[in-house]
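The lines below spell out each chain.
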Amino acid sequence: MRMSQFFLPTMKDHPSEAVAVSHQLMLRAGMINQHAAGLFTWLPLGNRVLRKIEALVRAGMDEAGAQEITMPILQPTEPWKQSGRWEAYGQEMLRMKDRQGRDLIFSPTNEEIVTDVFRAHAQSWRDMPCLLYQIQWKFRDELRPRFGVLRAREFLMKDAYSFDLDAVSAEQTYMKMMMAYMRIFARLGIRAIPMRADSGQIGGDCCHEMIVLAETGESGVFCDKAWQEFDTCASMPHDTGNTDALKSWFQNVTQLYAATEDKHDPRTCPVPDTQLLATRGIEVGHIFSFGTKYTVPMGLKLASREGDPIAPHGGAYGIGVSRLVGAVIEANHDAAGIVWPHQIAPFSVGIIQLRPGHADSNSVANALSQSLTQAGAEPLWDDREDSPGSKFATMDLIGLPWSITIGHHGLKSGTVDLKHRATGRKESVSAESAINTVLNDDIFAR
């Protein structure tokens, strides 16, 4: 992709309305356009990152045995009235009427609708366990939308829902989903800690928020300092059907203290003050186990093995896909801009052409772009008529993992300048060597 043809409206200065670093950098890097508080258009650069995160989340759900569906964004109110949440849900739920005067809501979550789907088609214990998910836009009329995509009114979310025969099998699904989440976050290059949390509007006695520690986070959190070195992916069983191995992993992950400020009680905290980390964090996922909270009031009854009517046990599992973009930036940036992990970078390498229009320079840049593209990389070729300083600043701002600079002296010596964004390491190498280095990076080695 030539940058001269790529819609990339970057900004030099921090926008005054942005407080969070991720909000500032997403606006400056031309990833989003803000129309009002909490309402954004995702521009080409931001959309590329969003779709890569979405693909990683989808792959993680498919590996966990979940099946993808798509539910309506506008929902009828009857299932919500049956569950009791039509009255109980707060003002975050946007309510409206159609031309016939019928009440509708703009989906903030889907426990009722997915229960309605399962109720219409499931018949007996043979239909369980069942795990359904979607990746779709949601709307919550936040009182104070802030921090850019970290607390937006409209957001892309992966929401999954489980139906199990009983509490024992529901617990196993809950553990399996936590494990799937830990894998997903590790692949995204972020460290997420499962913390005991308030179940809020969803309900249930068991829930965990997945928190990325960040001083700019919106929530206060408390955890054992050992979490800073703890690997949640260690000892993960490959076979999630091995109940003993799954329980062992789950107990290992949840034995270290971690709680949001809503659940933290200094009087009962088992961690001494010297070992307790009090900081802030960003919620990137939330999982719930709520038993028969929705199936009983909505009249979902299936035949047990013995033929008796039973109410399935349910769970819900959310990942904020668009919020993850901001969370990754909060955890991966420096004074110059964003530093993307390789696996979700909008482009894998930037080609900086300092003398666009020069025949030899054009030839080298074109050859680099073609070779990288044919090998499966995604180059962004800066062929603009702009100053070298501006080009370097833009490339640092948008945070591509690698940049290859074609300069006047290099053309004479047959070399290019290769820079690794995360470490700042630079070296003059042949064009072939630069290509091989980029192609051997983590994203292509996976």
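See above for the structure.
Residues numbered from 1 in each chain as written. Predicted model: local features only at pLDDT ≥ 70, side-chain atom pairs only at ≥ 80, totals over all residues. Heavy atoms only, no water.

Q: Would you take a moment to explain the pattern of salt bridges for this structure?
A: Any two side chains of opposite charge can pair, given that their charged atoms come close. Throughout the structure, instances matching the rule amount to 24 salt bridges. Its salt-bridge partner being arginine 58, residue glutamate 54 comes within 3.1 Å of it at the nearest N-O pair. Of this pair, glutamate 54 and arginine 58 are both found in helix H2 (residues 44–63), 4 residues apart, which corresponds to roughly one turn of the helix. Linking arginine 151 and glutamate 218 is a salt bridge whose minimum nitrogen-to-oxygen distance equals 2.7 Å. Remark: glutamate 218 occurs in the loop between strand S10 (206–213) and strand S11 (219–224) and arginine 151 occurs in the loop between strand S7 (130–139) and strand S8 (154–164); sequence separation between them is 67 residues. (Salt bridge = Lys/Arg side-chain N within 4 Å of Asp/Glu carboxyl O. Helix = DSSP H or I, 4+ residues; strand = E, 2+ residues; numbered from the N terminus.)

Q: What am I meant to see in H2 here?
A: Counting along an α-helix, one turn takes 3.6 residues, and residues three or four places apart therefore face a common direction. In a regular helix each residue adds 1.5 Å, so 20 residues correspond to 28 Å; H2 covers 29 Å between its end C-alpha atoms and thus fits that length. Along H2, the residues classified as buried are Leu45, Gly46, Val49, Leu50, Lys52, Ile53, Glu54, Val57, Gly60 and Met61. Just downstream of H2 lies glycine 65, where phi reads positive at about 90 degrees. (Expected span 1.5 Å × (residues − 1). Buried < 20%, exposed > 50% of the residue type's maximum accessible area, 1.4 Å probe, protein only.)

Q: When you look at the sheet that holds strand S6 (residues 103–106) in this model, what are you seeing that I'm missing?
A: Through backbone hydrogen bonds, the strands of a sheet pair up, either in parallel or in antiparallel fashion. Strands sit in the order S4-S6-S5 across an open sheet of 3 strands; the sheet is antiparallel. Looking at strand neighbours, the two that pair on one side only are strand S4 (74–76) and strand S5 (94–97), the edges of this open sheet. Pairwise comparison of adjacent strand axes, ignoring direction, gives a mean angle of 40 degrees for this sheet. With 4 bridges joining them, S5 and S6 adopt antiparallel strand pairing. Bridge assignment links arginine 95 to a residue of S6, and that residue is isoleucine 105. (Pairing = 2+ DSSP bridges. Axes fitted to C-alpha atoms, helices over the stretch in contact; angles between N-to-C directions.)

Q: How should the sheet that holds strand S22 (residues 416–420) be read in this particular structure?
A: One open sheet holds the 5 strands; their spatial order is S20-S19-S21-S22-S23, and the pairing between them is mixed. Two strands in the sheet have a free side with no partner beyond their single neighbour: strand S20 (379–382) and strand S23 (426–429). Looking at each pair of strands side by side, their axes are set apart by 20 degrees on average, direction ignored. Pairing geometry for strand S19 (residues 349–353) and S20, over 4 bridges, is parallel. Looking across to S20, one finds that isoleucine 352 is bridged to aspartate 382. Packed on one face of the sheet, helix H9 (residues 359–374) meets S19, S20, strand S21 (402–406) and S22 and runs near 170 degrees to S19. Here helix H10 (residues 388–398) sits on the sheet and contacts S19, S20, S21 and S22; the angle it forms with S19, its principal contact strand, is near 175 degrees. (Contact = heavy atoms within 4.5 Å.)

Treat this as a map of the structure, not an account of what it does.
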